Structure formats: C-alpha cells, structure tokens
Amino acid sequence: MSNKPDEYYINQTLNGNVNAYAFLIEKYKHMVFTLSIRIVKNREEAEEISQDVFVKAYTNLKSFKGDSKFSTWIYKIVYYASLDVIKRNKKQINSENIDEIYEGDLGVLQDALSYLEEKERKSIIKKSLLKLNEDEQVILTLYYFEEMPLKEISEVVNLSLDNIKVKLFRARKKLATILEHVIEPKTINLK
Amino acid sequence: MKQDKNIDDFSKYLLKDVGLEKPSSNFVAKVINTINIENSKVSNVVYKPIISKIGWFFIAISFIGLMIVLYFSNTESIIQFSVIDLSFFDKLMAINIFENIKLSKIFSFSFMLFSLLVLVQLHFIKKILQ
C-alpha cells in the first residue's frame, strides 16, 4: 500500500478517479464496519450501513473541506448512520446498567483471560463490549484501538472533551466489571 | 492513580486483543459497483433543448428575411386582404353566448384567488420534484 496522505486520494477521487476512492475504502472499511457492528449489533445491518456510508461519503466528498481528518469525518458519518438505524428499528438498547465501580484485582482478571483459548477469549471480550452503551463502545474502540486523540473523538460523537473523559473513565470500569461477571463462573468451572 | 493506570493498560490490552471486525470479502467491489451505477445514472440524464441550434438558426434567418422583405416592399400590403370578404366576422362577434351568464363578485374573486393558489402550488410542487 502507498504511504501517500488521504488528501492525495481525495483529490484524485474528486478528479473522477474512482479507483483512488477504492483505496480509501480499503483503508477505513474495517474500522467503519467495526463501529457500525458495535452500535447496531447485527452483522448484515452493519455491512449495509457501512456500504451506504462509503457511497454517501463519495457523493458528499466535495463538501469535505479538510478542516478535520478524513477518518474523523467518515467515523462521524457511520456513527450517526448507525444510530439512525437503531432509532428507525426502535431497537431496545440492551446495554447493562452497571453502577458498581470495579475495584477488583485486574491482574487476576487478566490471568483468567490468558488461560482461555484465543477464540473463546475474543468471544468473551466481544460479548462484554456489546453490553456497553453505543457511545461507550465507540469511545473505547477509537481511543484504545485506533489510538485517536480525545479531541478528535469528541468531534466524532459530538460531545465535549470533559464529557468524553468521564465516559471513558466509566466505560472501562464498566467493561472490567462485566468481564469479571462473565469470567468468574468460567474459572470456577475449571477448578 | 495506579489503579487508573492499570485499568487503562488493561482496556488497551482488551481492545487490541479483540481487534477489528471484518466485512465481507467483496465489500470494496460492492461499494465501487454502487458508485459506478450512481455515476452512470447522473451521466445518462442529458437535457436536450426543445429547439436545437440549427432550429434557432433557421428561425433567425426567416425572421431577418421577413424583416428585409417588409422593409423593402411597398407600403401597401403584399397580400391583398381586401380581396377576401371578412365581413362575416362582424356577424359572428355580434352573437354573445355568455350574455345570460351572470357571475357574482364573490364568485369572481374566489375563482381568481383559487387560480392564483393553484399557480403558487405548482411552483412548490415543481421545487419538491426537482
């Protein structure tokens, strides 16, 4: 893959080179799809939303001024498109309402996770992530996986910087608590 | 503070470990295909003027020709209309078929207002359709 900046491919696309846009799709398809699947919690719907997002971004590429990064712009589009689908389907948000703050030993939790097979471990983490609120999942994914600065995340989800910090703090403790609830019975069964 | 750092590292480990979801293998091809269809739709709609450029050229030539003929011809009409007796038109005009129809002012005003609203509505419908 080329190391040229996104702006190069955006300009090429605007000049009518659709193949240049294919490069941008290839670069961002995984993150766009992941954000969507974590919000709508359905693979088929997420795939459809992600495709629509890239088509929508293509038709509106002229309006992309370059004030923010292309990644921030497209993540924002997928975030709102996925939320729209949830609203339209009137899906019940099945996130867990957890008020207790995790105070347990993280080392024990990490050890317990490491004993599990890779496939099972990933499945448990995914299931636990899906129990968080939509915005919490998006914030955690963008911050820890994409390593996006908090300021850019605040642009994506349209929340203040302080609000993002609070949500991030709460979300990671909530995730640890959910994981503990899921793993504890499993480790007891192993003994 | 140490607990915060630990949970920060732990969250990073979790999110990195779980990685990203993979869309279908032909994802890019599907998107590009949709974009190509959209593009062809846009380029297929080519608006043609009702009167072509050649049409306008002939209209202009005929108009100019007519003007020249009229300018250089005698002041008397070229076509002798006086030969045709048009007096029957006067008889026709004398018959007023609307003589017995009387419309009230209220009806006239409401009819005019209704017509005006139809025209306004047409304008908005045209805007919506566009």
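Residues numbered from 1 in each chain as written. Chains lettered and ligands numbered in written order. Predicted model: local features only at pLDDT ≥ 70, side-chain atom pairs only at ≥ 80, totals over all residues. Heavy atoms only, no water.

Under an unreviewed UniProt entry, chain A has the name RNA polymerase sigma factor and belongs to Gramella jeungdoensis. Turning to chain A, the UniProt record has this under Sequence similarities (unreviewed entry): "Belongs to the sigma-70 factor family. ECF subfamily." (UniProt positions renumbered as here; feature names shortened; annotations may be inferred.)

**Q** When you look at the overall build of chain B in this model, what are you seeing that I'm missing?
**A** A tally of helices and strands in chain B yields 5 helices and 0 strands. Element order for chain B, N to C, with α for helix and β for strand: α-α-α-α-α. Put simply, chain B has 130 residues, and 12% of those count as buried. As displayed, chain B has an accessible area near 11900 Å², and 70% of this comes from carbon and sulfur atoms. (Helix = DSSP H or I, 4+ residues; strand = E, 2+ residues; numbered from the N terminus. Buried < 20%, exposed > 50% of the residue type's maximum accessible area, 1.4 Å probe, protein only. Areas by Shrake-Rupley, 256 points an atom, 1.4 Å probe, with all protein chains shown as cover.)

**Q** Looking at this model, I keep getting lost on the layout of surface pockets. Mind explaining?
**A** To find the voids left in a structure, one rolls a probe of water-molecule size over its atoms. Residues and elements named next belong to chain A. Of the volumes computed, that of the largest pocket is approximately 280 Å³. Considering the residues around the largest pocket, the lining is formed by 13 residues, among which I49, D52, A81, V85 and R88 are closest to the centre. When residues of the lining of the largest pocket are traced back to their parent elements, those giving at least two are α3 (43-59) and α4 (70-89). It is α4 that provides the largest number of residues to the lining of the largest pocket, a total of 7 residues. Taken together, the residues of the lining of the largest pocket sort by class into 6 nonpolar, 1 polar and 6 charged. (1 Å grid on protein atoms, 1.4 Å probe; cavity = no way out; pocket = protein on both sides within 12 Å on 5 of 7 lines; lining within 4 Å. Points joined across faces, edges and corners; volume = space filled by probe spheres on them. Nonpolar A, V, L, I, M, F, W, Y, C, P; charged D, E, K, R; others polar.)

**Q** Just checking my understanding: could you explain the pattern of salt bridges for this structure?
**A** If you walk through the whole model with that rule in mind, you get 14 salt bridges over all chains. The partner of K27 of chain A in a salt bridge is D6 of chain A, and the shortest N-O contact between them spans 2.8 Å. Of this pair, K27 of chain A sits in helix α2 (residues 18-40) while D6 of chain A is found in helix α1 (residues 6-14), placing the two residues 21 residues apart along the sequence. For K27 of chain A, a relative accessible area of 39% gives the class partly exposed. When the shortest N-O distance is used, the salt bridge between R43 of chain A and E21 of chain B registers 2.8 Å. Here R43 of chain A is found in helix α3, whereas its partner E21 of chain B is found in the loop between α1 (2-18) and α2 (27-44) on a different chain. By relative accessible area, E21 of chain B is classed as buried at 8%. Overlapping salt bridges, with partners in common, bring together R43 and K126 of chain A together with E21 of chain B in one network. (Salt bridge = Lys/Arg side-chain N within 4 Å of Asp/Glu carboxyl O.)

**Q** In this structure, what is going on with helix α6 (residues 118-130) of chain A? I would like to understand it.
**A** In an α-helix, one turn spans 3.6 residues, which is why side chains three or four residues apart end up on the same side. Residue and element names in this part refer to chain A. Across its 13 residues, α6 extends 18 Å between first and last C-alpha, which sits within 8% of the 18 Å expected from 1.5 Å per residue. Those residues of α6 not exposed but buried are R121, I124, I125, S128 and L129. The buried residues of α6 all sit within an arc of 135° when viewed along its axis, so they share a single face. What points out from α6, more than 90 degrees from its buried face, is the exposed set K119 and K127. (Expected span 1.5 Å × (residues − 1). Arc of directions from axis to C-beta.)

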